[in-house]
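What follows is the residue order along each chain.
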Amino acid sequence: MKDFSQKVLPIGFAASVFLAACSGPGNLTKNSYTVNPNPLEMKADSVSIVITGNVPPKTMKGKAVVTFQPYLKTNDGKEIILKSVTVKGEKAKESADYTVNSKTGGTVTYSEKIPYTPELKNVSLMPRFIYETKQIAVPDSIKVKGTITTASLVKYTNEYRTGKDNYQPEISNKAVNIYFPMDVDKFNVNFKMGKTLNNKTQINNLKNLLKTDPNWIIRGISINAYASPDGELERNSNLSKGRSSSTFAYFRKELKKLGFSEVNDSNFSMGYMLAEDWKGFANELANSNYEDKDAMIAIINDANISDVEREAKLRANHENSWKKSADQILPLLRKSELVVIGNKPFKTEAELMTFYGKYDQLSDVELYHLAIITSDLKQKEEVLNAYTTKASGDWRGFNDLAVVNLQSNNLTAAESNLNKANELSANNGSVLANMGALARAKGDYAGAQAMYQKAANNGGDTYYNLGVYDIKRGNYPSAVSNFGKSGKSDYNSALAQLLNGDANGAKTTIDNINPDDLTWEHYYLRAICGARMNNQDVCTTNLAQAISKNREARNMAKEDIEFLRFFNNPLFEAAIR
């Protein structure tokens, strides 16, 4: 097997009326047998056979010993001998697997499990008995014809997990505060107050910040305009709006003078926030030496009163400190925070691809994105090797390099890089998922499943892989559940539904797939759904579609036991003609 050392093959023989232990050899050929399900079905890498039957009262001698030896007969006449069981009456002295009372009868259960091989696809189950050393075959007694192998139609594609690519402009802000006299909304670059409040100094500081990074691109201006808490709220709101507009108009002209042509772009805009700066007032009070500052801060932080009530309480209860704050604190709050929003420019993908071999000229973000967009595995490996050297602390580089190793079947390197990624980011769902892929590539399928589950438990999206694995090991309810968790509804999820006994649900899943995405496998699987639903039209029309897309589907259908009940149906014969 390419992907799994075991295939999951559900096969059952349930409830065969087993009358091997009878009163004499003459009765052996008269016994009736039933097998359910019929035909057989592969599950994992084996076929499990269970035959149960009842021995009616007074059909077996007390001293009789009968050996039941079923076998499978291939199309070319080869016999695959199954294990035998012995049944004796209660008076027989020999050892046996079952003892049946000759008067009351009893129940006999036979079970066998054999590895699946392709020759089992078209076998017939036959009974054989040995009574007192005489071998007796029951003529024309085919109890089961063929084996269903639909589980082998599962499609597996490796799903590796790479790191998240954060290639986008590096947004950053450059900001300073500017100030306004009381009740003035027009920005004045020459306004200053004392030694600390000086608009010209603030603007020059901002200009210098902008000049130090010539590659910086301006996207807009945001002005967080504040008013001191003294005065009416409506008046202060109007002041804040005016200060924002005035500052924006002035500074847009200054940016043009500095050579930032982006201000001419129609997308260049102003964002602003308007507020009375009670928080700033509280912060300034906390840093002051006012004796009653704690009481004043308590009033400011009281969420149960309005701004008007807050100001009235401060004026009434702390008159001296309020008057003092008018000269020392409130001027600091009549300001606008001028924020210039911009970003570092980033290269287009076409530009990035001109930097192969010149990786030291790229930033970490640019280099990782180059690795993401590179399709050639050898070149991708080269870029990722450069990235792991440059950004040796980033698990993504080692993880993604391991994915390249897995795709190139370099398992030793993949293991080394995944171990390094795991050291840098323990219990990372993506890394654990790739460790599961590595285990599968090594043939450790139990380890792969365990690692996939661990990855899922740590936020890794491995449910789809787990669903495929569940099909291969024959756990169809779990497969349906995991495909559901993966959020994917496709061919494999429909196959899981079908194998789990929901042919109608499987058909609906395929019905809901975009018709342009349907392959011959989808139509073939939907034909099987129709056969299981005993829907002749669904079966034959979809089978014809599958064959029109892949002529090999005709030969498959001719031997597929799923269509056993339709083998002699004229519409079926027309569909595969």
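In the block above lies the structure referred to throughout.
Note that this is a predicted model, so its numbers are computed, not measured. Along every chain, residues carry numbers that run from 1 in the direction the sequence is written. Confidence filtering applies because this is a predicted model: local features only for residues at pLDDT of at least 70, side-chain atom pairs given and counted only at 80 or more, and all residues used for totals across whole chains, interfaces and linings. Based on all heavy atoms of the structure, the side-chain values leave hydrogens and waters out of the count.

1. Regarding the layout of surface pockets
1) Next: The way it works is a 1 Å grid over only the protein atoms, where trapped points that fit a 1.4 Å probe form a cavity and open points with protein on both sides within 12 Å along at least five of seven lines form a pocket, and then any residue with an atom within 4 Å of a point lines it. Grid points are joined across faces, edges and corners, and a volume is the space filled by probe spheres set on the points. Each pocket or cavity is described by its volume, and for the second largest pocket that value is around 220 Å³.
2) Next: Forming the walls of the second largest pocket are P37, N38, P39, E41, I148, A531, R532, I561, E562, L564 and R565.

2. A look at the sheet that holds strand 6 (residues 71–73)
1) Next: Two strands form a pair only when DSSP identifies at least two bridges running between them. Secondary structure counts use DSSP, requiring at least four H or I residues in a row for a helix and at least two E residues in a row for a strand, with both numbered from the N terminus. The sheet built from four strands is open, its strands ordered 7-6-11-14 with antiparallel pairing. Among the strands making up the open sheet, the edge pair consists of strand 7 (79–81) and strand 14 (144–145).
2) Next: As paired strands, strand 11 (residues 124–126) and strand 14 are joined by two bridges and run antiparallel to one another. Residue pairing for strand 14: S124 is matched across the bridge by K145.

3. Examining the pattern of salt bridges
1) Next: We define a salt bridge as a contact between a side-chain nitrogen of Lys or Arg and a carboxyl oxygen of Asp or Glu at a distance within 4 Å. Applying the stated rule across the entire model yields 16 salt bridges.
2) Next: With a shortest N-O distance of 3.2 Å, K257 and E254 are connected by a salt bridge. With a gap of three residues between them, K257 and E254 both fall in helix 3 (residues 233–257), about one helical turn apart.
3) Next: Per-residue accessibility, obtained with a 1.4 Å probe over protein chains only, is compared with the maximum for each type, and a residue is labelled buried under 20%, exposed over 50%, and partly exposed between these values. Classification of K257 as exposed rests on a relative accessible area of 65%.
4) Next: Between D394 and R396 there is a salt bridge, and its shortest N-O distance comes to 2.8 Å.
5) Next: One salt-bridge network, in which partners are shared between bridges, spans E41, R532 and E562.

4. Concerning the environment of E119
1) Next: Topologically, E119 is positioned in the loop between strand 10 (106–115) and strand 11.
2) Next: Judged by relative accessible area, E119 falls into the partly exposed class, the value being 34%.
3) Next: C-alpha of E119 to C-alpha of T74: the two residues are 45 residues apart in sequence and 6.7 Å apart in space.
4) Next: Ignoring sequence-local partners within four residues, the contact set of E119 consists of T74, K78 and I80.
5) Next: Polar contact criterion, stated in full: a pair of N or O atoms within 3.5 Å, where within protein one must be able to donate a hydrogen and the other to accept it, and residues adjacent in sequence count only if both atoms are side-chain atoms. One polar contact links E119 to K78, side chain to side chain, over a distance of 3.3 Å. Here a residue-residue contact requires only that any non-hydrogen atoms of the pair lie within 4.5 Å.

5. As for the packing of aromatic side chains
1) Next: For Phe, Tyr and Trp, rings pair up if their centres lie within 6.5 Å, where Trp contributes its six-membered ring, and each pair is then called stacked (planes under 30 degrees apart), edge-to-face (over 60) or tilted (otherwise). Summed over the entire model, instances satisfying the criterion amount to eleven aromatic pairs.
2) Next: Measuring from ring centre to ring centre gives 5.6 Å for F68 and F129, while their planes differ by 35°; the resulting arrangement is tilted. On the criterion of sequence distance, the pair formed by F68 in strand 5 (residues 65–68) and F129 in strand 12 (residues 128–131) is long-range, its members being 61 residues apart.
3) Next: Classification of F129 by relative accessible area gives buried; the value is 0%.
4) Next: Between Y368 and Y387, the aromatic rings sit 5.2 Å apart at their centres with planes inclined by 50°, giving tilted as the arrangement. Here Y368 is found in helix 10 (residues 364–373), whereas its partner Y387 is found in helix 11 (residues 377–390), with 19 residues between them in sequence. Both residues of the pair, Y368 and Y387, belong to the buried class.
5) Next: Aromatic rings pair up to connect W520, Y524, F563, F567 and F572 into one cluster.
6) Next: Here, a charge over a ring means that NZ of Lys or CZ of Arg falls within 6 Å of the ring centre while also lying within 35 degrees of the ring normal. One Lys or Arg, K358, reaches over the ring of F355 and ends 5.4 Å from the middle of that ring.

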